[in-house]
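This is what each chain is made of:
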Amino acid sequence: MDEPIDTENTTLLRDFNETHSNHEWSPFMCEGPSHLPTFKVSLYLKNLRFDGCGSSKKKAKIDAIKNFNLYTLNYGSNSKANHTVESDTQVGKRKCTDDIIENSLSKKLAIEHQVAEHQTSAVCILHEIFPGQTLIYEHEQSHGILETISVIVSGNKYIGYGKSKKEAKEIACRNALKSLYDVQPIDNKFKNQIEMLRTDYNDAKIIDHFARITDIVYQKLEFDQIKFKEYSVIASIIKMTKDNLMSAEVICLATGTKCLSGNYLSLSGESLHDCHAEILTRRCLLKFFYKELMESVKGLPSIFIPVFISDDKKCKFKLAENIAFHLYINTAPCGEARVFSFCDTEQQSNRLNRGLLRSKIENGAGTVSVFGREVQTYDGVAQGERLVTMSCSDKLTRWNVLGLQGNLLSNFVEPIYLESISIGSMFNINHMKRTIYGRVENSIDELPQNYKLQKPQLRGYGILPRRSVTLSPHCVNWIINEGIEIIKGSMGRTVENKLSRVCKTSLAKEYIKLCSATNNLSTLIDNETNIFYDSLKNKNKSYVAAKNELLSTFKSLKLGTWVHKPEELKSFELNVGNAINKIDIIT
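Residues numbered from 1 in each chain as written. Predicted model: local features only at pLDDT ≥ 70, side-chain atom pairs only at ≥ 80, totals over all residues. Heavy atoms only, no water.

Draft legend 1. Region of the structure containing the layout of surface pockets. Roughly 1,100 Å³ of internal volume is contained in the second largest pocket. Lining of the second largest pocket is provided by 40 residues; of these, Arg283, Arg398, Lys504, Tyr533 and Lys537 occupy positions nearest its centre. Sorting the residues of the lining of the second largest pocket by element identifies α9 (277-297), β17 (388-390), α12 (392-402), α13 (406-409), α15 (504-517), α16 (533-538) and α17 (541-556) as the ones contributing at least two each. Ranked by residue count, the leading element in the lining of the second largest pocket is α9, at five residues. (1 Å grid on protein atoms, 1.4 Å probe; cavity = no way out; pocket = protein on both sides within 12 Å on 5 of 7 lines; lining within 4 Å. Points joined across faces, edges and corners; volume = space filled by probe spheres on them. Helix = DSSP H or I, 4+ residues; strand = E, 2+ residues; numbered from the N terminus.)

Here it is, written out as structure tokens:
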């Protein structure tokens, strides 16, 4: 029974906006506890005031409209009855009273009002700006999770994507408002709101495209069970020829919100410690890099071009010109970026806990500062201490200094940095800048050659409905031309209890194959068949120096100490003797 009533009320609000363009609304008032609020609002029309209340702002408006309709029915639209009629003097008093009420609200209510104003329905605004014009909405072809709705205004079509038809319709109307602002006179009543919408207009078009192509890829994946397909967070890395959006191609993607349980720690690098979507996606990118490097070695088309170093007779590679990589995440990364994403204000910019390193905790939600958790031991975890994993925000900062390629591949390629990071949900540009590079920008300056502090372009929505809260224990990763893999996040292994193709051991084997294929086994250790993983990673002095500079910068700024996994997890052996036969490099 609820659905027909809701449909009727939505139609009532829309019809009212279309037929009465000269009305005004008072600021919302909120009463009652936060879990059961009551909103009050007044409608001013034809020198009359009609009050409304409800459990939501929309319901409060509808209640006021119903009171207006009831009055019109009883008294007639031309009646002079003295029913909440206000003279010019009374109107002035009323506005003055409204100002006093608004200014006397507590800081919390003021912020709530600001957010509420920003989230006023774009559908209603569009109908008010174009009274009497029939706006045509169409349900476009969708690609699974993202619904697609278009609206035609004055002969032009505007498209919106969302997790529901209602959300997609709202986004389509927002896009119409943003575009029409330059060519259509806009009532001052809506000017500020539309200008705020326009701050993310151009970036939103790119994010919409990234979200769409990511969703298209994901919906084409074949799953044995539908439960594997559910997700809360999805991330993708997109390869693009610089400044050519139509060349954008999803290289890899992943879903997930889980970290390893201490019960499944592996002393041989066989478990994934962090199965958050953006972390898995970057590990998939490493696998993609290895494949492309091997293609280059064989003389096949690749994103990498071989470069021969005559001094040490080693082969290195460079990224083909104009290729760039972009990260898309449907929500702000956990940690510093997300803590301050939703309702923080610029007046609080000097808070002491800004910029702190934060960590995820085993079986816990959210993140906490790292203070008091500087060291983890294997026996401590074995005795029940919860495993700590650094937040995605902090890992993104790390990638913007050390590069996406990681330690081992730095022996073959120069650092590869993200060109942009796009967030498909609530987003605060100042907080994100601080997280991604701002907190170390003025302090990190002694980096080895080729390393730098990358400042990727940041894109995000200023206002958008929050993401789904469905949390799945399963994490999906996909790599172009290699299919999908489904991980059980708490175990760090596949659902078949096998090693993931992107765990430490698997990627280290790819590295050994590359060394063998390029006659660079000396990059490992001469005349030995086995090597320890930690010794292998310590051989790249430049990468280690850059990492130490970043971590010491965090520490010197009193932002915390990077919490590493127990040392025992890095000391497993790798077999070099069984590497693939050497492949002659095609010159």
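After that view, the rundown keeps rolling.
Draft legend 2. A look at the packing of aromatic side chains. One pass over the full model with this rule turns up twelve aromatic pairs. A centroid spacing of 5.6 Å and a plane angle of 75° characterise the contact between Phe289 and Phe325, whose relative ring orientation is edge-to-face. Of this pair, Phe289 sits in helix α9 while Phe325 sits in strand β14 (residues 323-329), placing them 36 residues apart in sequence. An identical accessibility class is assigned to Phe289 and Phe325; each is buried. Measuring from centroid to centroid gives 4.7 Å for Tyr533 and Phe572, while their planes differ by 15°, and the two rings are stacked. Residue Tyr533 is found in helix α16, and its partner Phe572 is found in the loop between α17 and β24 (573-575); the two are separated by 39 residues along the sequence. (Phe/Tyr/Trp six-rings, centres within 6.5 Å; stacked < 30°, edge-to-face > 60°. Buried < 20%, exposed > 50% of the residue type's maximum accessible area, 1.4 Å probe, protein only.)

Draft legend 3. Inspection of the sheet that holds strand β5 (residues 136-139) at higher detail. What the three strands build is an open sheet, ordered β5-β6-β7; its pairing is antiparallel. The sheet terminates laterally at β5 and β7 (156-162), the two strands that pair on one side only. Each strand axis lies, on average, 25° off the axis of its neighbour in the sheet, ignoring direction. Relative to strand β6 (residues 147-153), β5 is paired through four bridges, and the arrangement is antiparallel. Residue pairing in the sheet places Tyr137 in a bridge with Val151 of β6. (Pairing = 2+ DSSP bridges. Axes fitted to C-alpha atoms, helices over the stretch in contact; angles between N-to-C directions.)

Draft legend 4. Molecular detail of the sheet that holds strand β15 (residues 358-361). Pairing within the open sheet is antiparallel, and its three strands lie in the order β16-β15-β17. In this open sheet, the two strands that pair with only one neighbour each are β16 (367-369) and β17. Within the sheet, the average angular offset between the axes of one strand and its neighbour, ignoring direction, is 45°. Lying on the sheet, α12 is in contact with β15 and β17; it crosses β17 at an angle near 45°. (Contact = heavy atoms within 4.5 Å.)

Draft legend 5. Region of interest: the environment of Gly366. Here Gly366 is to be found in the loop between β15 and β16. Taking the C-alpha atoms as reference points, Gly366 and Val339, separated by 27 residues in sequence, lie 8.8 Å from one another.

Draft legend 6. Representation of the confidence of the model for the chain. With 77% of its residues at a pLDDT of 70 or more, the chain has an overall mean of 80. The model gives residues 343-347 a pLDDT under 50, and that stretch makes ten contacts with residues more than four places away or in other chains. With pLDDT under 50 throughout, residues 463-467 is counted as low confidence; its partners more than four residues away or in other chains account for 18 contacts. (pLDDT = per-residue confidence, 0-100.)

Draft legend 7. Molecular detail of the pairing of strand β20 (residues 474-479). When you tally the buried positions in β20, you get six out of six residues, the bulk of the element. Here three bridges tie strand β9 (residues 249-255) to β20, and the two strands are oriented antiparallel to one another. For Ala254, the partnering residue across the bridge sits in β20 and is Asn477. Relative to strand β21 (residues 483-488), β20 is paired through six bridges, and the arrangement is antiparallel. Looking at the pairing, Val476 lines up with Ile486 of β21. Where β20 folds back onto β21 in an antiparallel hairpin, the turn is made up of three residues, including Asn481, whose phi is positive at roughly 65°.

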